[in-house]
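Tertiary structure, described
So you can see what is in the structure, the chains are spelled out below.
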Amino acid sequence: MRAHAGAAGALARLLLLLSVAVYSSHGGGCTFPAGWTGSWFLSGSPTLIAINATHILTKGECYESESHDKFLLYDRREECYRCMVILEKHKYVLQYKETFCSEKDSMSSNCESINGDAPLNSMFRKEPRPVPQPCPFHPAPFTFTYSRGSGDCANPPSRAESCTDDSRLLLRYMACPDVPGTESNVEELVCLATWKEGSTRYLVGQISQVQRRNSIATDEDTYRCFVYKGQHSDKSMTYNIAQSGDATCNGLSSPTDGSRIMKLTTSDDEHNRCHFPSWIVEHHKWFSLDHTHQYHFTTKNATLKIMDEKGSTEEKRLVCHSILEQRDNKYIKLVAHVTRGCESGHVCLQFHRREGGVLELQQAGGLWEAPHDACADRAPQPYITLISTSLAPRRCPLVGRYAVTSSLAADSRRRRRQQHAAGDAEGGGAGATACVSGQFHSASIGCGAAQDTLELKSHCSSVAYTCHGAWTEGSRGFVVASPVARASTHPHTFCFMYALRPDNATPTPPLGALALSAVARSCDRRVLPGRTGDKAYNLTANGTCEQSSKYNSAGARAAPAAALLTLAALLLASR
């Protein structure tokens with residue numbers, strides 16, 4: 001057994017030595033940089049070019065190298081050698097020149113036929129998938145002229161707009177009636193790589209046709225190379241750009257000589273003259289009431305980014321364009337330029353400052369190309385309630401004690417309990433328990449030293465909320481409050497809405513009644529206090545915090561007029 005194992009081991013070593021000898025006869029001490037490993041697109045090649053440590057598909061295996069950019073490759077299929085000079089312009093771009101495949105000679109002899117006039121080939125990385133990088137043209141938006149060799153298309157001017165992702169740029173080409181070959185078109189440029197050679201700057205990107213999304217586009221159709229140069233003046237930034245006509249960088253040496261020439265000039269949209277007020281940007285980060293969206297003010301208080309907290313790709317960037325109205329550091333109406341993906345336009349915004357770290361935002365629907373059209377629609381817009389990251393406890397309104405006469409949540413639970421009890425009775429079960437979760441019998445608001453807690457009590461449990469800010473609008477009041485003890489699955493914050501007098505659609509309530517509803521998403525004006533919402537309660541005033549609930553319950557039954565006077569006093573105190 002051991003003899004067989006020894007013989008097998010000797011044979012394996014012999015085979016290894018023979019393979020090394022064979023490999024050494026064709027080089028063997030040469031490898032390509034690790035960063036080149038992957039799949040690359042080469043214009044004109046029917047397949048992607050695969051590169052690993054020792055091989056380049058269709059070219060051969062590494063035989064000898066010199067100066068980290070000159071390689072002699074052996075092609076086993078043709079049994080010949082070719083010299084390649086490979087330059088890494090960017091981690092996503094390789095450019096090379098090569099000789100014809102010939103018989104083996106010294107490396108210098110095989111490579112001597114490469115000169116400055118040899119064709120320069122460009123390979124663009126496909127796998128691992130490249131990560132786009134910020135486009136070098138900023139600050140967008142721009143107006144631009146373009147030419148395909150038959151004259152400049154300048155009137156009407158074309159427009160280049162930034163996308164939410166700064167690695168993309170939207171190019172809106174206009175057709176010029178007096179310039180042949182021009183047409184209206186929208187292209188999206190994704191920037192992949194930039195590099196510099198002397199004073200010349202290069203960009204490689206992919207272009208897609210926005211208006212023909214469903215059309216089949218190959219890599220040959222989308223990859224393009226650009227040469228560009230920026231010129232900065234006191235009031236504007238100008239870029240001269242030349243674009244290749246195919247998926248190569250061939251023939252590009254100047255930003256004024258290419259298949260398509262563009263001249264981009266920054267467009268003054270008055271963004272630098274408009275800023276969000278200090279009472280908004282004193283907190284740079286805000287959240288929607290349900291914490292599904294984050295509102296982040298950046299760039300010297302002129303830009304607002306709205307991001308989805310759940311990790312989706314939704315993101316909006318709003319830049320202040322012009323202020324139309326503002327009052328007493330409590331209200332502002334403005335026009336903003338909004339970008340969502342590569343879609344952009346103007347929108348009307350209204351911010352309302354509430355007590356504490358609370359704002360409310362009204363945003364008109366739709367995007368408008370002209371700024372003056374954005375606020376033309378005077379229809380009421382829904383409110384979005386925003387809270388700061390540092391909400392502080394504040395005094396609750398309507399301080400006092402109350403009896404809960406009905407509860408929307410408790411009523412639904414009671415019906416389920418009754419149905420469950422009926423099922424138990426039919427099956428001989430024990431029946432319902434005496435306590436129903438959420439079936440509250442009393443409430444206390446602001447009853448404590450800090451007067452900042454709203455508490456609902458039942459016979460078996462209680463739930464408490466901390467008040468953070470309150471305000472009134474006509475007959476209604478609003479309180480932003482958060483649960484004192486909150487499970488991870490429960491909402492962070494609620495908006496409590498209460499009615500100071502009945503709505504026209506609501507039957508006249510009993511003396512001393514108060515309607516109350518809670519909503520987790522926003523202070524929705526469509527909610528009817530005491531009737532709709534995530535939670536809804538109808539309360540009757542029982543007196544002040546100092547008086548006992550038992551005493552006030554009896555007093556309320558004996559003297560409803562006294563309860564009405566108590567509620568009236570509480571309402572006046574809350575204003």
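Rules used throughout
Residues numbered from 1 in each chain as written. Predicted model: local features only at pLDDT ≥ 70, side-chain atom pairs only at ≥ 80, totals over all residues. Heavy atoms only, no water. Helix = DSSP H or I, 4+ residues; strand = E, 2+ residues; numbered from the N terminus. Buried < 20%, exposed > 50% of the residue type's maximum accessible area, 1.4 Å probe, protein only. Contact = heavy atoms within 4.5 Å. Areas by Shrake-Rupley, 256 points an atom, 1.4 Å probe, with all protein chains shown as cover. Core = buried A, V, L, I, M, F, W, Y, C linked by side-chain atoms within 4.5 Å. Pairing = 2+ DSSP bridges. Axes fitted to C-alpha atoms, helices over the stretch in contact; angles between N-to-C directions. Disulfide = S-S within 2.5 Å.

Here we come to the overall build of the chain. A tally of regular secondary structure across the chain gives seven helices and 32 strands. Residue burial in the chain is summarised as follows: out of 575 residues, 43% are buried. Contacts in the chain between residues far apart in sequence, at least 24 positions, make up 49% of those at least 6 positions apart. A total accessible area of about 29700 Å² is found for the chain, and carbon and sulfur atoms account for 51% of it.

Here the focus is the nonpolar core. Membership of the largest hydrophobic core comes to 24 residues, with the highest contact counts inside it found for Tyr-402, Leu-456, Tyr-465, Phe-496 and Leu-539. Secondary-structure elements contributing two or more residues to this core are β25 (400-407), β26 (442-445), β27 (453-457), β28 (462-473), β29 (476-483), β30 (494-499), β31 (513-519) and β32 (535-543). With 23 residues, the next largest nonpolar core counts Ala-160, Tyr-173, Val-179 and Tyr-228 among its residues.

Looking now at the sheet that holds β32. One closed barrel accounts for eight strands, arranged β25-β26-β27-β28-β29-β30-β31-β32; its pairing is antiparallel. For this sheet, the mean inter-axis angle between neighbouring strands, taken without regard to orientation, is 35°. Direction of pairing for β31 relative to β32: antiparallel, over a ladder of six bridges. Bridge assignment links Leu-516 to a residue of β32, and that residue is Tyr-537.

Take unusual backbone geometry next. Note the cis peptide between Glu-127 and Pro-128, where omega equals -5°. Inspection of the secondary structure puts Pro-128 in the loop between β8 (121-127) and β9 (142-147). Residue Pro-141 is reached from Ala-140 by a cis peptide bond, and omega for that bond is 10°. With respect to the secondary-structure elements, Pro-141 resides in the loop between β8 and β9. Backbone geometry at His-68 places phi at a positive 65°, although glycine is not the residue there. Here His-68 is to be found in the loop between β4 (60-66) and β5 (70-75). Assessed through its relative accessible area of 76%, His-68 is described here as exposed.

Turning to the pairing of strand β11 (residues 168-173), a few remarks are in order. In the sheet, strand β10 (residues 153-162) pairs with β11 via four bridges, with the strands oriented antiparallel. Its bridge partner lying in β11, Ala-160 is registered against Leu-171. The turn joining β10 and β11, which pair antiparallel and follow one another in sequence, is formed by five residues.

Taken as a whole, this structure holds twelve disulfides when the rule is applied. Two residues share a disulfide in this structure: Cys-30 and Cys-62, whose sulfurs sit 1.6 Å from each other. Residue Cys-30 is located in the loop between α1 (2-24) and β1 (38-42), and its partner Cys-62 is located in strand β4; the two are separated by 32 residues in the primary sequence. Across the pair, Cys-62 and Cys-30 agree in class, each one buried. One disulfide bridge connects Cys-274 with Cys-320, the sulfur atoms lying 1.7 Å from each other. Pair noted here: Cys-274 is in the loop between β16 (260-266) and α4 (278-281) and Cys-320 is in strand β20 (residues 315-327), with a separation of 46 residues, a long-range link. Using a relative accessible area of 3% as the deciding quantity, one classes Cys-274 as buried.

With that settled, consider the sheet that holds strand β18 (residues 293-298). One closed barrel holds the eight strands; their spatial order is β17-β18-β19-β20-β21-β22-β23-β24, and the pairing between them is antiparallel. The mean angle between the axes of side-by-side strands here comes to 35°, regardless of whether they run parallel or antiparallel. Bridge count for β18 against strand β19 (residues 303-308) is six bridges, and the pairing is antiparallel. Within the sheet, the bridge partner assigned to His-296 lies in β19 and is Lys-305.

This part covers the pairing of strand β6 (residues 80-90). With six bridges connecting them, β5 and β6 associate as antiparallel partners. Its bridge partner lying in β6, Leu-72 is registered against Cys-83. Where β5 folds back on β6, the antiparallel hairpin that results is connected by four residues, among which Glu-79 adopts a positive phi of roughly 50°. Relative to strand β7 (residues 93-98), β6 runs antiparallel, the two being bridged by six bridges. Paired with His-90 across the two strands is Val-93, which belongs to β7. Taken together, β6 and the strand that follows it, β7, pair antiparallel across an intervening segment of two residues.

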